[in-house]
Structure formats: C-alpha cells, structure tokens
Amino acid sequence: MAADRVRDIWGTRTAYASGESWPERVDTHLVNGVAEADVERWVQSACLLCSNGCGVDVAVAGNQMVGMRGRAVDRINKGRLGPKGLFGWQGQLRDRLTRPLVRRNGELVEASWDEAMGLVVDRSRALLEQKGPLSHGFYTSGQLMLEEYYTLAVIGKAGIGTPHMDGNTRLCTATAAASLKESFGTDGQPGSYADLDTCDAMFHYGHNVAETQTVMWARMLDRLEGADPPQHVTVDPRRTKVAERSAVHLAVRPGTNQAVMNGLVRELIQHDWIDHEFVDAHTVGFEELARVVDEYTPERVSEVCRVEARDVRAAAEIFGTSQRVVSTVLQGFYQSHQATAASVAVNNMHLLRGMLGRPGAGILQMNGQPTAQNNRETGVDGDLSGFRNWQNEEHVRELAELWDVDPIVIPHWSPPTHAMQLFRYAEQGSVGFLWIAGTNPAVSLPELSRIRRILGSDKVFVVVNDGYLSETALLADVVLPSALWAEKTGTFTNVDRTVHLSEQAVEPPGESRSDLDIWVDYARRMGFTDRSGRPIPRWDSPEAAFDGWRECSRGRPCDYSGMSYEKLRGGSGIQWPCTDEAPDGTERIYTDHVFNTFDDYCETYGHDLLTGAAVTATGHAATRFDGRARLKAAPWTSPPENPGDDYPLTLSTGRTAYQFHTRTKTGRAPELNEAAPDAWVEISTDDAEALGIAEGDLVRVESVRGSIEVAARVSRIRAGTVFVPFHYGDGDGGGRRRAANELTITAWDPVSKQPAFKNGAVRLTRLAGGDGPAPAPDTTASARVTTAEG
C-alpha cells in the first residue's frame, strides 16, 4: 500500500498484544522514476539519523543511491522506517565537498591531499615538539563508525598521549553514560527494545519519543492499539504526542526534574512499593536515599514544579503497582539542570522495585545519535577504551599491553577533558591544534558568538573532516572531504546495544575519503610507532580495525569478541555482550542482579551528584559495593539562571521529527526540508495572549547572550516556557539570526559535564504579523512510500 510518510510520520498501525511479537511492516521509498526492477542491488546497512538503529537495505543503481527499504528481519524495526530514514539519505546527493580546502590569505581554496595533509602534519609536529601532547585536541561526532572512533582513540591515547578528546555526544547523551556508571558501575543499557513488547507501563522522562525516535514510537503506538495496552506517564513541560497518549502528564517547570524525581521516589517508599528482598541483597544506599527524599511530599513537589500533587501521586502509583515497567530518558533530563542526579533517580526507581533483568522491566537511558554508544565504548569521549577506569592502574596497564606502549603515555593522571573544557583551552591557546570530525559546533554548542570567536582565532589551528562546507568548516584552516554513510564500511551500535554492519554501497564523491583512511594517513605521516616499532594503529582497513576492537573489548562489559563481519551479514543486528559463551548476543544485562561495581572492574568509582567530586578508589573500596548497585541521592537545587523582570520566560531547546542535528544532511533532503524549512519559537496560549502574539508572527527571542528572529507557534506548552528547535544555523536564514544556541547559557552538569541547553531566561518581542516564515511543518508536501505488512 502507498502512504504519505511526511504527513503520517509513524505509518499504519499493526496492533499487537502484550507478549506477542511486533508484526513486520516493510517501508520502501525509491526516488521518482525508479522502480524496484531498476534496482541493481540492495546493500545491507542501518539508518544513521537517530539513535534507534533501524536495519535498512540501500537501493543502488548506476553507482547511485536511489532508495531505502526497511529490513524485516531486523529486531529493531521489523522493516519500518521513519521520515528521516526514508528520505534523509538524499541529502548526501548534493552540495558535497569533493576536494580538500586550505586557508590562503584568509580564504578557503582547493588543494591536493598532499598539500592539505602536509599542512596538518607540519602544524601537528611543530606543536608536539614545542608544547607536547596537551597542545592537541580532538572533537568528534555520534555519526562516525566504531572502527573510525577506535582508530582515533588509539592514535590520540597511544600515539600522541592527549587527554583532550571528546565528541558532540557530550551534548546529547553524556548523561546517559554518567547515570549508568553512577548506578551500575559501568556504561551499558540494562534493558532491551524487546521489553516494550511485554511491559504494562512506560515512563518517559524528558523523552519526546514521537519525534526523536519515530520508529520506536510506532512500536509503542502498536502496543497502545492492541489488547492489554500499557499505561504511559510523561514528564515534559510540552504537551507532546507522547503526553497526549499518557495516563499522567507531569508538565514540570524547567529546572525542577530532580524535585519531581525525589517526590516519586518518596511515594514509592511511603507506600512501601518496594522489593525489600532485592534492595537488601543487591543495592547499597537505601537509608541515605530515604533520608534525602523525605521532604519531597507531593505538595512540596507541586510548589516547586508547578504540577498537581494528585498527578505526582497518580504517576507514582502506576510505577509502584505495575508488574513490568520500562523507563526511557532523553534530552529533557540530560540537557537540564541536575541532569545526572535526575537520571540516576530513574535508575533508583527501578532498583527500589527490582525492575531490572527480566522481560518487560528495564531502563533505556536513550542516546541521541546513531553511534554515540560507540563513541563512548571506544574512548574518544575521553574515557578509556572498553569502559575501563582511568583511576585504575591495572586497566591502564591492560591497554598499554594491548597497544604495546608505555603506560605513562596513556593519559590517566586526571579526569578526561570534556567538550566545554576543550573549547576553553582552545580559547586560551593551550590547545593549539583542534581536529573536528563529523560535527558542526558552530551551530550546536552553547553561546555561539563565543564559539565562532574561538574557531576563528589565530590561537588554534582548526582541521575539519566533513562532507559539507558547514558553518564550522567555513572557519577552519584545513577542510578534508569525508566519505559519509553508505560510502564506506563499518559498524555501529544503537541504544539497546544492538550492533549493525553497514556495507559500502556506493563510491564517495570526488576525492572524498573515509575518516578511518584520513586518520591512518595522518598517523603514518607522523610516524607513530609502538615499543616494537610497529605502526600505530596496526591496521588500515575497517575489518582489521573491528578485529582490533574485538580484542580491546574482550572481557569488558561491552564485549564484542564473539562478533565478526561475517556473523553480522545477512540477518539482524546482534546485541553485546557477544562472546564465545554467548555467541548470539545478550538481550538484557544484569539478569543475575550482579552489577559492575566491583572495585577492580567498574568504569568509575562514582561522584557526588551535587558537586561532581570524584569518589576515590579507597572510598569506593571502603563501601564494599561488591556487585551491588549504588542508590544515590541529591536534593533539588535552583538552576543557575532563572526568569526575572527583564527576561521573564524560560528557554528550552530540542528536536523536530523532520530534521537531525544541524541539518547538514536533512536540510538537503527535499521532503524533509519542505516539511520543516525554518526555525520557530513555541509559546503557550496564555503567554501569546499577554504579549499580543499570534500564530505565524515574526518575533525576536532575546537572552543576555544574543537574539534570534523566528516565527511564533502557539501551542499547549506550559505557561512561562518557550521552545526553539536547535537544528537551524544562521547561514541560510535569509539574514536573520535563528540558531537557538545564540541564546543558550555556558553551564554544564557537574558529573556528566553535559551542557544545560534547557535552561536560561529569555524575552519575546513581536516584530511583524503573520508574514514571518511558516512556523509549522508543511504537511501538504507529499512523499509516497510503499508499505508491505507481514
């Protein structure tokens, strides 16, 4: 059947009941004029435009991508695709970089690879000789391949020895990793997408799943349409599609997530909705947790969060009396005040009820990008590769032995450098060489006027790997054209630990090269070698890099040792850990309720959730967690910036279903760009009436840091809060500032170091009536998609 998948984001319903398998529904889109008979081959891959990791087949004809089809065999999507998966790949077909660019006399001009790499290597070598490894920083993405991340991690940690490595994963899901490490000892999702098929309640904490993971929401909708549907509870200041289908919607005031979570935990304790046997045997910290949350009565939560006390009680009762609960968490918690504390509180809820390690009972601390998990696993986020602990000398020795380098080379003398520090060091000049790959910080980082000054400064030599001349690339000293998804081979891992192989389907345009090839070329030119005189890294192909990673991960929580490219071909993705003992992967972890908190195994000894102060090895050993989970508590504190007389509204930023990150791809996909061509500000009915603003009016949104001019969309967001999507840069705004991060604050969580994008005070001024850019997605656009139900 044919469907318009721009209008109908989630597609037709295929209802199923609790305990049944999610039915197949294969979605296919071919470009105009191409029929299935014209397709020369279908090449296995997975979607790279959200963190869901849907299995896809890429249609190829004449060495061109001509379409996309969901893989029915894949456990993640059973053939379904969302709008970005169906149409977003078309953004790779236009406006691509095809040759290196170098800056001469202030202008970027084309150059040969030898000239461009010569400039990179000369500057790199000079700075290493003059200032040492601390002069070098690397800032990557959540959209490269595992093999590329691991290659860079080895170059950075074993070849150069710099601690200054992070990625834009710091902006979206650093708190996912931090919360899992704080509670369970290491990163790694306890739950599985299969838990959605059997749970009787779903809680969504700051997670607008309907727009951020559209295929996941389709699965949830199918459960809602089937027999024995689960109840949903949503914590979100906006009245989203998820909130509309929820039994309880807690529309909390931004900056108060920790207060509402403390209130929910208190209700579980007060009503004795506790699995005492589980808590006693498998957790540490219950008494302190109970003490901290005791003051957060429903009435106190109502006062702080501006929600109804009865709704707090109702939400807690659903969690406390359901037999199988799945919780999903995303940016509404991760990018807000007290991000790690609030996300850890979600883990606390599950631990108090023993809701882990069995079907239908799980936690999904969601990712925002398709390969964010690999960024964290391999260590290009600054952590040590394989979820190893930088404070554990034995973990450092393991890596030194694997890489055949002196342990002192591997940076472990202080906490890893996070993104906000990295750009501060570049601002100060201590980092004089900054290599950015697959990301666009000139749009995505907070306080953009400052970021543009840093990237354009003479203090730092900026190298950018990208497929497009992005806002960031325009400020670089050297721009290297990168092969993108489907133009190279590699693997990537989704939210629930499912690993997919993405085969190269077509040749990259012009002289573009994969990031792996670029970094290996750099390492060879630099002459990095190990103690035995072998090159660092020892590989120069994706499959060899994957084999190297398998050995690095062996025996660690993210164990890939039982995987191979051959095993990943043909069928579904496979969940880690995958070992010789578990060759088919592992659906959910912690089934034995033994957690990764052993002193010699954990990835971190933990932190104080209020201050971020690290727990020492001695302090951790003294507590004797010994495989028991950590129940951790923190009181609510007021956010760093609050509304006042001059700036009376609270700003929140986020995503739309039709765009991804800074639109370098999706903004070039016709169907998606027609659906959401411009930024907007979402304002409540009450606030719009008070300010004399109507739907479609052009308004100025101002903070103390900057301003933007966008159209107004009047909605059911809570009064006092406004929302702006962060995808839109200023480059194609018709001369208007429209990037949400012109407004955002430079502040971050003390534990995860994730920026607080969903905090800050703004004011709105009406500029013109009705003739502003269209504020709502253009649902008149038509894109026909074939759907086959199985």
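Definitions and limits used
Residues numbered from 1 in each chain as written. Predicted model: local features only at pLDDT ≥ 70, side-chain atom pairs only at ≥ 80, totals over all residues. Heavy atoms only, no water. Buried < 20%, exposed > 50% of the residue type's maximum accessible area, 1.4 Å probe, protein only. Helix = DSSP H or I, 4+ residues; strand = E, 2+ residues; numbered from the N terminus. Pairing = 2+ DSSP bridges. Phe/Tyr/Trp six-rings, centres within 6.5 Å; stacked < 30°, edge-to-face > 60°. Lys NZ or Arg CZ within 6 Å of the ring centre and 35° of its normal. Core = buried A, V, L, I, M, F, W, Y, C linked by side-chain atoms within 4.5 Å. Contact = heavy atoms within 4.5 Å. Axes fitted to C-alpha atoms, helices over the stretch in contact; angles between N-to-C directions. pLDDT = per-residue confidence, 0-100. Expected span 1.5 Å × (residues − 1). Domains from an automatic or database assignment. Buried area = accessible area lost by both parts, 1.4 Å probe. Salt bridge = Lys/Arg side-chain N within 4 Å of Asp/Glu carboxyl O.

Engineer: What's the story with the pairing of strand β19 (residues 490-493) in this structure? I'm lost.
Structural biologist: Both faces of the sheet carry side chains from a regular strand, because those side chains alternate between them. Because side chains alternate across β19, one face comprises the buried residues Gly490 and Phe492, and the other comprises Thr491 and Thr493, equally buried. Pairing between β19 and strand β20 (residues 498-502): 4 bridges, direction antiparallel. From the neighbouring strand, Thr491 faces β20, where its bridge partner is Leu501. The turn linking β19 back onto β20 is made up of 4 residues, and Arg497 within it adopts a positive phi angle of 70°.

Engineer: Can you help me understand the packing of aromatic side chains in this one?
Structural biologist: The description of an aromatic ring pair rests on the distance of the ring centres and on the angle between the ring planes. A full pass over the atoms with the stated rule returns 20 aromatic pairs. On the basis of an interplanar angle of 90° and a centroid distance of 5.2 Å, the ring pair of Tyr139 and Phe423 is categorised as edge-to-face. Taken together, the positions of Tyr139 in strand β8 (residues 136-140) and Phe423 in helix α18 (residues 419-428) put the pair 284 residues apart, joining distant regions of the chain. Using a relative accessible area of 0% as the deciding quantity, one classes Tyr139 as buried. Judged by its relative accessible area of 1%, Phe423 is buried. Members of the aromatic cluster, joined through ring pairs, are Phe138, Phe433, Trp435, Phe461, Trp519, Tyr522 and Phe528. Just above the ring of Tyr468 sits the side chain of Arg96; from NZ or CZ to the centre is 5.8 Å. A cation over an aromatic ring shows up here: Arg238 above the ring of Phe723, its NZ or CZ 3.6 Å from the ring centre.

Engineer: What am I meant to see in the nonpolar core here?
Structural biologist: Nonpolar side chains in soluble globular proteins tend to be buried together. Of all hydrophobic cores here, the largest spans 136 residues; its most connected members are Tyr205, Met261 and Trp485. The leading source of residues in this core is helix α7 (residues 214-225), at 7 residues. For Tyr205, the contacting residues outside a window of four places in its chain are Val235, Met261, Leu264, Phe319, Ser327, Thr328, Val329, Leu330, Phe333, Val346 and Met349. The next biggest cluster of nonpolar side chains, apart from the first, holds 61 residues, and it includes Leu146, Trp403, Ile518 and Met526.

Engineer: In this structure, what is going on with the sheet that holds strand β10 (residues 201-205)? I would like to understand it.
Structural biologist: In any sheet, the strands associate via hydrogen bonds between backbone groups, in a parallel or an antiparallel arrangement. The 5 strands lie next to each other as β12-β11-β10-β14-β15, forming an open sheet whose pairing is parallel. Here the strands that pair on one side only, and so sit at the sheet edges, are β12 (248-250) and β15 (362-365). Each adjacent strand pair in this sheet contributes to an overall mean axis angle of 10°, direction not counted. Across 5 bridges, the pairing between β10 and strand β11 (residues 231-235) is parallel. Residue pairing for β11: Ala201 is matched across the bridge by Gln231.

Engineer: Could you clarify how one ought to interpret the confidence of the model for the protein chain in this entry?
Structural biologist: A low pLDDT means the predicted coordinates there should not be read in detail. Mean pLDDT over the protein chain: 95, with 97% of residues reaching 70 or higher. In the predicted structure, residues 774-784 sits below a pLDDT of 50 and forms 31 contacts with residues beyond four places in sequence or in another chain.

Engineer: Where do I start with helix α3 (residues 146-160) in this structure?
Structural biologist: Each α-helix turn comprises 3.6 residues. Residues three or four places apart therefore point the same way. Its 15 residues give α3 an end-to-end C-alpha distance of 20 Å, which sits within 8% of 21 Å, the value for a rise of 1.5 Å per residue. Most of α3 sits out of view: 14 of its 15 residues are buried. Once α3 finishes, Gly161 follows within two positions and takes phi at roughly 90°, a positive value.

Engineer: Hey, could you run me through the domain arrangement of the protein chain in this one?
Structural biologist: Note: interface size is frequently given as the accessible area lost on complex formation between the parts. Along its sequence, the protein chain is carved into domain 1 (101-172 + 372-545), domain 2 (174-366 + 596-630) and domain 3 (649-788). The centre of domain 1, based on its C-alpha atoms, is set 31 Å off from the matching centre of domain 3. Tallying the contact residues gives 22 residues for domain 1 and 27 residues for domain 3. Between domain 1 and domain 3, the buried area comes to about 2000 Å², and carbon and sulfur atoms account for 57% of it. When the area that domain 1 buries against domain 3 is broken down by residue, the three leading residues are Val443, Glu447 and Tyr468, summing to 25%.

Engineer: Looking at this structure, how should I read the pattern of salt bridges?
Structural biologist: Under the criterion given, the structure shown has 58 salt bridges. Across the pair Arg7 and Asp4 runs a salt bridge, and its minimum N-O distance is 2.6 Å. Judged by relative accessible area, Arg7 falls into the partly exposed class, the value being 49%. Classification of Asp4 as buried rests on a relative accessible area of 8%. Taking the shortest distance from any N to any O, the salt bridge between Lys181 and Asp383 comes out at 3.0 Å. A residue pair is termed long-range when its members are at least 10 positions apart, and Lys181 in helix α5 (residues 174-184) and Asp383 in the loop between α16 (372-378) and α17 (393-403) qualify at 202 residues. A residue is classified by how much of its surface remains accessible, and Lys181, at 13% relative accessible area, is buried.

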